[in-house]
Each structure stands twice: as structure tokens, then as C-alpha cells.
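Examining the three-dimensional arrangement
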Amino acid sequence: MAKRNALRSLLASVLVGLLMSALLIAGCSGGGQRAAAEKVLKVGMWSPPKSLNPLAVDDAYSTQLFDFIYPKLFRFDHSLEPVPYLATSWDITPDGKTYTFHLSPDAVWEDGEPVTSADVAMTLRLMADKGTGALLYTNLQSIVGIAAYHDGTAGSISGITTPDVSTVVINLKEPNAAFLGNIYYYILPEHILGDVAAADIDQNPYFKAPVGAGPFKLVKYETGQYAEFAANDKCVLGRPKVDRLYLQFGNQDALMASLEKGELDVAPIAAGDVERFKDIKKLSVISEPSVSIQMLHVNSAKPYLADKRVRQAFAYALDRQGIVDTLLEGQGTVVDSHYLSPEWAVSSNLKHYDYNPDKAKQLLSEAGWDSSREIVLRVPTGDKAREGSAPIIKAGLESVGVKVKIEMADFPTVLKAARSGDFDLTIIGWPFGLDPDMTSIGFESKNVPLNGWNIGHYANDRVDELLAQGRLTTSLDERRRIYHEYQEILNEDLPWIPLFCPNNIFGVSDKVTGVNPITYYVWGQMNPVLWNVNELEVTQ
Amino acid sequence: MLAYVGRRLLSSILLILGLTVVTFIILNAMPGDPAEMMISPLHMSQEAYQAKRELLGLDRPLPVRYVNWLSELSHGNLGYSYVDGRPVLERVGERLMPSLQLVLGALLVAILVSVPLGIIAAVRKNSRLDYTLTGFTLFCISIPSFFLGLLAIYVLALKLDILPVGGMYSLGGSGDILDRLRHLVMPVLVLGLMQTAVLTRYMRSSMLEVLNQDFIRTARAKGLRERLVLFKHALRNAIIPIITVVAVSVPQLFGGAVITEQIFQWPGIGSLTLEALAARDYPILMGINLLLALMVFVCNLAADLLYAAVDPRIRYD
């Protein structure tokens, strides 16, 4: 009996101990409550920023954070028109080769120092400097003297001058209608970083506690967890209406749970959860078409894929609407264009490739497709809709007599294979939007890797001609005509087959007012709800 | 004893060095290119690509890069992250404490629960209680941690609303110890439960073996109280193999708590490994690898030394 008693008391103490500690911890309310008067906005984001240094990284997650703290020369408004930010105005000479920016006298850094032309000149210089990795060099290539500086044969960029503290003049080698979009990036303070060698910038303590001039100041950055911001009273755009902003990083499931629980005010929602979230009170679901298109890249450098009839046949063989209906539960659109924004550049004369296996078979036989050939579809993992669309694509192609082998691998692996030409088909998403010239990275013949992303080695002389004209011409009417023709050629040639465009889906608490989401994509605005973060307000 | 530790240290250093060579080669043989991963497709150009490769030192031959890494290491520098340029020591270091909290918490729960349960199951061998415990451990081992984690979030955070969904602290509440504890509960329980199940099985069989030994019969024959027989004579001997199991699982949990860390947004070593892999951030991966190798060494050594401390029959000369 003694044995039994000993055991019983042991078991009892284990149970009581566990229960006690659980109750103790669960019973305590969460700490860190702030004064009720403070207006706090809490936003969820899928991935943490890679770095706080805009010269080192330019991915969508990092730039979302940059957008809060670092200023830009100008912003794009809801209709993609550039509007003042640091610069109150800018003049472009009639020949389209000289841009003069006039900085606002009210623009100051968080520490009270004025924003000057030296800040802008230094930032552009660092962006082109090999020592920083010259991440955005491509965008600056039209500036006079930029190549000499990049190669180290010149100590400064001759095309950038600062006649006085509030004026920046940029000279271009030739007109570039896309130039404003090209220099749309974050400005850093010269009074702090001016004396730092380019190669040492990355290690500078500045990027641990950046001094910005954006709408918010970075208060705390908990790696992999969250970033805390406070309203910047001195922001030239005006003080934001909320006092404090949190950006929480996490996976989709966790963010949705936090949103449902009220721990977050804004968070992305998966397509499959839209209906469930619509039933939750105190929340509204925003499901807006995005401009990010999932494209089936075709390697036209392979002789058997060089015939455009083959690529057209592939398009007809795919049940793209089926993909949108099943995988995205209707939260997306089938598209036939290679870019959806800006609106003026999108042609209304595009051919729609409906789901038509018979037509596909006919085109394939015309092109003399060898049905014993097996082609490789490389699919990067990580995006559910993209992964899920692979078997549907395979089934569609096999039903018209094209054998397909799916190779799944992580993103870096697929990227490497794609850029070295080791693929027949691959699926990658593209967020084109600010200017149609952005798309040249994928279709201009000079942009084959290593240079750009024309991974299928697509070459069409007329396309090259149109892209060159589109850059040199500043007349909007002229550009409209050029890009419509360009888009119609892509629609006919199908160097990439546009698959679908998933909606951007966000849940927003009813506490948040002033929400006016955008549909286009530019740097720093991955979350369309945060586009006008200054005007967002939180009611209790 | 000291000589023993010295010998172990020497052989381990050679082993770990060899390991870094192998890891370095394997990492660099992985398909994928860090420079390519770091430039947004829309900004890709030959100039940017080559500048990035030069900046990261990727343009140099592999052996040169390894020797550089090694010589930096001898100065206590583990290199810099490809992605944000911060020192590897700092990047890995900031993940160490979160991982430590998680792993130690989980092991603590596991030991506190599994040792008594193992004893009970052994003493009441083949009873209904024993079968129930066996069933429980089987359940814990079989259930995938992602499922358990999501279930815990659904029940404890969403339905009962007594615990936060994830993360290490509430937004803005990072200084508060109670807030941290509340965030620690779910990940520790989920990670701990599987360890509990494993340890309970070990404890049960170890205890059974000891209980069948002659000295236990002698102790009982002497008329000692059952409590004394169980906890003094049997437990002390039965717990020795458990030390090894726990020591081995420390480094394993450090690198292997990936799923738990992902589900609960815990910024530990596991999630850093995933991030670094996705970016092909070799210096970070080398750093983590070195850390885990060191940890295996330290934990094994600690287990061996602890052996000697709890079991007078074991001596290292």
C-alpha cells in the first residue's frame, strides 16, 4: 500500500504543479498597455525586412519598412501621377534631358537638420557605387557620367549638380520618359553618412537606428518579430494621424489568427479564407485586383519552343479560369496582357486565349510538334497558388499531346536554372506597374541574362525598336501608341504566357478609417492599404 | 579528469574543422546564387550582378574563400551576412537567447513530466495506468507538431482567448517578464510534449531494468520504506541513461525546432536557418553549423562528466 500511496502523491503533485503554472501564466494579462489616448495602428506582414539599408536590399518587404522612415523626392498618387514630397516641384527641359528638382524648405530630418541637395546627390552617388553593391545602377544608367563613376574612372557623377542647397539638377545622355520612375527611391542623410566610404556603409551604425524624414520614426526593431514606429512630427507630408505604428512579421496563418483576435488591425488574408473573414464582425475584407501577374515563362531559345504557334497552343491548352476558380477561389483574374498598369499603356485590342484544346492541337500539328518530346516545367515552391497550378498546367498540356515533367525546387534553385537557360517552362510572378518601360527587363533582346530577365532569349526587332522609342519620346500620346503596339506584339508572340493575376487580399479592422487602397505596385507599397498611411486613422 | 577533457577537446577541434570544410563545399555546391537572390528582378543588370558578387567575394575561387573564412575565424570573426552585411556573430547571437528559452523550457517541461510518469508506468507495469500512459506517449510522438501547434493556437488563443497567437512578446511589451512567459507557454508545450513522450518511454524502461536488480530486492528485504527504495535506490540509477538522451537532444532541438518556431513566430536558430537558406546566405549557414557542432561537443562532454558525478563507478583518468 505504501507503494501505491507514494505513486499517487507523485502523480497528484505533477498534475497540480502543471495546472498551477498554467493558470498562473494564463491568468496574467498581457503587459505593455499604452495610454488609451494614443492612436495605435498594428499591421501584419508576411516576411521580415531583409535589412534596414536601402542601398543593400530592395525587396518588397524591406521597402515597405523603408517607406515609413526614409523620404523620397516625390510620391505617386492614386492615379500614378508624381506629387511633391521632398521636392515641391521639378522642371523637365523640353528636350527631356535635364531634370531640375526644387527641394522644400520645410523638409527636415528627424534630428532637425534640413534636407538638402547634398543628401540627394550623395544618395544617387551611393546607388551607383560598386562599394555599396550598386543595387539600382540599372535605373540610373541614363545619367551623364554615371558609367565613369561606376567604373571608378571618375570621382563624381558629372551629370548631377547642386547649384544651391535646395536645387538638384540631373542631366541625361538622352531623353528617358521613364526616368522619374527610375529614380523613385529612398534618400539618405548626407550630414550623417557623407564621410563614410561606400564600402563601409553597410556596417555603419546609422542603419541600426536610422534618422529619416518619412512619416514615421523607427523606435524599436526586434529582429524577426516586429518594428515599432512613432509619428514623425517633422515630416514634410504632415504628421500622420496615428501616433504609433507596429509592423508585425509572421506567417499567413498566424497573422490571420492575430487579425481575427484583434491583435492586428491590418493583415493579409489567404484566398481560401475570404469567406470566413467576411463573416467576422468588426472587420472588412478588401480584395483588390493586383498588378502582379504569374507568368508561364517559355524558353524560346530551345528550337522546339521557338515557333510562336507552339506557345500560342500552350496558352489555348490551359484552363486558366479553372486555376483561378479552384486555387484562388475566384479571388483573381485571368489576363492576356503582360502588364496591367499604367492604364494608358494597356491596349484594348488584345487577343483572348480561351481554353480551347482543339485549337491547341491544331496549332501544334501545324508547327510540327513532336509528341514524343518531354518538356520540363520548373516550379518554385513557396506560393500555394503557383505550386497548385503546376499539375493543372501539366494536365492541360498533356491533354493536347505535350508531355510535361514537373520539377519542384526552392526559389533560388529555380532562379539559377531559369537564368542559365536550363528550363523549358517556369512560373514566376511579375509586379510590373509604374511605367511600361519596366517590362523591357523581360522582353528587350539585350536584356538576356546576365543583363536582365529575358530568360527565354526572346528577340523581336520591332519590340526592341518600340522600347527604345518609348523611352526617348516624352509625348504621352506618342508613348500610348508605341506601348499599345508593343503589348499587342507580346500578346501575339507570347514570349511569356500570362496565367493569372491573384487579388491582393487584406483584412482591415473597422477601427481603421481613411482606407483607400491602390491597385498598382511601386516600391514600398506592397501593402495597398498602407499607400496613404499618413491619412489612416484609428478610432477606439 | 583534466587530461581527459583536454584529449576530448583536441580531437573535437579537428573534427569540427573537418566538418566546416565539408559544410563549406556542400553549401557552395547548392544550386542557387546569393547575388542573384539579392537583386530585385526589376533592377537586374550585369553591372549590379557583378558588383554584388565582388562585394560578397563570390568572384574568388572556393579554396581562397574557405581559407579567408578560416583566417577570419581565427580572429574571432565569423564573417558577415550576405543579405544585410551585419556580422554573423551578431545575427546568430541575437537568435541564441530565444532558442535557449524555447529549448530549455521544453526540456524542463519534458523532464518534470516524464520522470514521474516513467516511474509510475514502470512501477505499475502492465496496469491500466501504464497502458494509458503508453497510449498518451504514442499519441504525442505520432501527432505532427504543426498540427498540435495550430490546434493549440485555435483552442488557447482564438477560442479560449487566454494566450497570445505567437511571437516573443506583445507589440510594444517587450520588457515585461509575464508577457514573455505567456508567449512562451504554447511553443514550449508543443516542443516539450514530443520530448516528454520520448523521455517517458526511456524513463520507464530504464526504471524497469533497475527495479529488477538484486540491490532493489535487497533494499526491500531490509524492510526499507517503498518511498526510499523507489526514489533513493532505484531512481538514482535509472536516471543515468536519461542524462545522455537529454544532452543529445539539446543541440538537436536548437537546430530542429524549425516547425515550432515557424508556427509561433519564434525568432530562434531554426527560423534563421530557413531564412538564410532561402537567401543562400552562406556565412550565416556556416555560423549556425559551427554553433551546432560546438553544441554537440559541449553537450556530449557535459553528459560524460555528469555521468561521473552521479555514478561513482564511472571515472575518467
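Residues numbered from 1 in each chain as written. Chains lettered and ligands numbered in written order. Predicted model: local features only at pLDDT ≥ 70, side-chain atom pairs only at ≥ 80, totals over all residues. Heavy atoms only, no water.

1. Here's the deal with the interface of chain B and chain A
Facing 73 residues of chain B, the contacting portion of chain A comprises 76 residues. Overall, the association of chain B and chain A removes approximately 6,300 Å² of surface from exposure, summing both partners, and the carbon and sulfur fraction of that is 61%. Counting the surface chain B buries against chain A, the share from its top three residues, B:Leu42, B:His43 and B:Leu171, is 14%. For the pair chain B and chain A, the interface holds 6 salt bridges. Of the charged contacts in the structure, one is a salt bridge between A:Lys208 and B:Glu90, with a shortest N-O distance of 3.5 Å. The interface formed by chain B and chain A includes 22 residue pairs in polar contact (both at pLDDT 80 or more). Only helix H2 (34–38), helix H3 (46–56), helix H5 (88–123), helix H7 (145–159), helix H8 (177–211), helix H10 (226–238), helix H12 (258–263) and helix H13 (269–279) of chain B provide two or more residues apiece to the side of chain B that touches chain A. When residues of the side of chain B that touches chain A are assigned to their parent elements, the largest contribution, 10 residues, is made by H5(B). (Contact = heavy atoms within 4.5 Å. Buried area = accessible area lost by both parts, 1.4 Å probe. Salt bridge = Lys/Arg side-chain N within 4 Å of Asp/Glu carboxyl O. Polar contact = N/O pair within 3.5 Å; in protein donor to acceptor, adjacent residues only side chain to side chain. Helix = DSSP H or I, 4+ residues; strand = E, 2+ residues; numbered from the N terminus.)

2. Quick look at the sheet that holds strand E7 (residues 167–171) of chain A
Residue and element names in this part refer to chain A. An order of E4-E5-E7-E6 is seen for the 4 strands of this open sheet, with the pairing classed as antiparallel. A single partner strand is all that each edge strand has here, and the edge strands are strand E4 (87–92) and strand E6 (160–164). Taken over all neighbouring pairs, the strand axes of this sheet differ in orientation by 20° on average, direction set aside. Sheet topology note: the E4/strand E5 (residues 98–103) ladder contains 5 bridges and is antiparallel. Across the sheet, the residue bridging to Trp90 is Phe101, located in E5. On top of the sheet, helix H3 (residues 117–128) reaches E5, E6 and E7; it is set at about 170° to E6, its chief contact. (Pairing = 2+ DSSP bridges. Axes fitted to C-alpha atoms, helices over the stretch in contact; angles between N-to-C directions.)

3. With respect to a nonpolar patch on the surface
Residue and element names in this part refer to chain B. The grouping of Phe146, Phe147, Leu150, Leu151, Tyr154, Val155, Leu160, Ile162 and Ile259 at the surface amounts to a nonpolar patch, some 790 Å² of accessible area in total. The greatest single-element share of the nonpolar patch, amounting to 6 residues, is contributed by H7. Along the chain, Ile162 turns up in the loop between H7 and H8. (Patch = residues over 30% accessible without salt bridge, like charges linked within 9 Å, V, L, I, M, F, W, Y side chains within 5 Å. Areas by Shrake-Rupley, 256 points an atom, 1.4 Å probe, with all protein chains shown as cover.)

4. Quick notes on empty space enclosed by the protein
Residue and element names in this part refer to chain A. Under the counting rule described, the total for this entry stands at 2 cavities of 30 Å³ or more. Computed from the structure, the largest cavity encloses a volume of approximately 90 Å³. In terms of lining, the largest cavity is formed by 11 residues, of which the most central are Asp67, Arg75, Pro215, Trp531 and Val533. A breakdown of the residues in the lining of the largest cavity according to their chemical character gives 6 nonpolar, 2 polar and 3 charged. Of the voids in this model, the second largest cavity is the one considered here, and its volume is about 50 Å³. Counted by class, the lining of the second largest cavity contains 8 nonpolar, 1 polar and no charged residues. (1 Å grid on protein atoms, 1.4 Å probe; cavity = no way out; pocket = protein on both sides within 12 Å on 5 of 7 lines; lining within 4 Å. Points joined across faces, edges and corners; volume = space filled by probe spheres on them. Nonpolar A, V, L, I, M, F, W, Y, C, P; charged D, E, K, R; others polar.)

5. Some words on H13(B)
Residue and element names in this part refer to chain B. Residues Ile269, Gly270, Ser271, Leu272, Thr273, Ala276 and Ala279 constitute the buried set of H13. Each element contacted by the buried residues of H13 is listed here: H2, H5, helix H11 (240–256), H12 and helix H14 (282–310). With its phi angle positive at about 55°, Arg280 sits one or two positions after the end of H13. (Buried < 20%, exposed > 50% of the residue type's maximum accessible area, 1.4 Å probe, protein only.)

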